[in-house]
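Residue-level listing of the chains:
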Amino acid sequence: MTVLYEKAADGIAWVTLNRPDVLNAINMQMRDELWDILHAVRDDPDVRCLIFRGAGDEAFSAGADVTEFGTAPSYVEARRARRERDLWWFMMTLEKPIIAAIHGYALGAGIELPMACDFRIAADDARIGLPEVSLGYIPSAGGTQMLPRHIPIGIAMQMILTGDPVDAQTALRWGLVQRVVPRERLHAEAEALARQVTSRPPQLVALAKRSVHEGAELSLSDAIAVESKLAERALFAT
Ligand code: COA
């Protein structure tokens, strides 16, 4: 299994990227397994919050599996799979909060995946970057679009155009992660945050998450109309 899925207490479930020998590089098999897990989570009323993490000491994920670039499955096949099974979009529209607990390297898709989560907590050893331009391509799993939505555009531009990774404290200062904690506290702190969210009414958490994401796609006036509609629904949700 390239992904481990464990249900814990209090409605919390862990998703562990599990290819530690290759720094949890995301290959097609991992994408497929994540796709299935996320569908199971969507349909499981017992699960109210997900936490993503990486196996091993070195990395959350060193990004897309570069050994699959230009090989089987083909580039065309890989792009088609991405379009048809848009993991990031599924995560953003999942009506349950998702936390990324990031340690070590989080590069390329290894930070694009956390950007599709709702909160990012980093260990103090995290190294975060979009190295693609220094490797002969550009970010292509949403990095050029999601990063400037998380942090100011000039800083996003610096990260994207240089490809240089930044440390956890810098990512915190820029707002790319919301907290930095000692490595050994990472999972406990992620779980504490998960508990905080699962202690709130799940229907309201779902509606609020939806309002944020749907609104982000719209003009301010249209977004406020969406908020009003969802707020009305919230009145009857609890
Ligand atoms: N895809 C496939 N395999 C990867 C990988 C990736 N993205 N990142 C690391 N690996 C593999 C290495 O090939 C190596 O495998 P091996 O032991 O069979 O040789 C193993 O993971 C450990 O990596 P290594 O490079 O030896 O570790 P390091 O500590 O010296 O360097 C990095 C760490 C992250 C700096 C380096 O692995 C790296 O630059 N990885 C590629 C990052 C990347 O290009 N990501 C894709 C962006 S789209």
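Overview of the structure.

Reading guide: rules and limits
- Residues numbered from 1 in each chain as written.
- Predicted model: local features only at pLDDT ≥ 70, side-chain atom pairs only at ≥ 80, totals over all residues.
- Heavy atoms only, no water.
- Salt bridge = Lys/Arg side-chain N within 4 Å of Asp/Glu carboxyl O.
- Helix = DSSP H or I, 4+ residues; strand = E, 2+ residues; numbered from the N terminus.
- Buried < 20%, exposed > 50% of the residue type's maximum accessible area, 1.4 Å probe, protein only.
- Near = heavy atom within 4 Å.
- Polar contact = N/O pair within 3.5 Å; in protein donor to acceptor, adjacent residues only side chain to side chain.
- Areas by Shrake-Rupley, 256 points an atom, 1.4 Å probe, with all protein chains shown as cover.
- Nonpolar A, V, L, I, M, F, W, Y, C, P; charged D, E, K, R; others polar.
- Expected span 1.5 Å × (residues − 1).
- Core = buried A, V, L, I, M, F, W, Y, C linked by side-chain atoms within 4.5 Å.

**A look at the pattern of salt bridges**
Pairing between side chains of opposite charge can happen when their charged atoms approach one another. Applying the stated rule across the entire model yields eleven salt bridges. Taking the shortest distance from any N to any O, the salt bridge between arginine 179 and glutamate 189 comes out at 3.0 Å. Taken together, the residues span a long stretch of sequence, with arginine 179 in strand β10 (residues 179-181) and glutamate 189 in helix α8 (residues 186-198) at a distance of ten residues. The class of arginine 179 is partly exposed, set by a relative accessible area of 38%. Glutamate 189 sits in the buried class, given a relative accessible area of 16%.

**What about the site of the ligand?**
Around the ligand, the surrounding shell holds 14 residues, and the nearest of these are Val22, Ala62, Ala64, Val66 and Leu135. One of the backbone nitrogen or oxygen atoms of alanine 62 is found 2.7 Å away from a nitrogen atom of the ligand. In the environment of the ligand, a nitrogen atom lies 2.9 Å from a nitrogen or oxygen atom belonging to the backbone of alanine 64. For the ligand, the protein covers 55% of the area, taking 860 Å² as the surface of the free molecule. Here the shell around the ligand is composed, by residue class, of eleven nonpolar, no polar and three charged.

**Considerations on helix α1 (residues 28-42)**
Within an α-helix, residues lying three or four positions from one another point in the same direction, as the helix has 3.6 residues per turn. For α1, spanning 15 residues, the distance from its first C-alpha to its last is 21 Å, which sits close to the expected 21 Å at 1.5 Å a residue. Of the residues making up α1, those classed as buried are Met28, Met30, Arg31, Glu33, Leu34, Trp35, Ile37, Leu38 and Val41.

**Observations concerning the nonpolar core**
Counting residues in hydrophobic clusters, the biggest one holds 48 residues, and the most contacted among them are Leu50, Phe52, Trp88 and Ile128. Element by element, the count of residues in this core is highest for α1, at six residues. Ranked by size, the runner-up nonpolar core spans 15 residues in total, among them Trp14, Cys49, Val181 and Val197.

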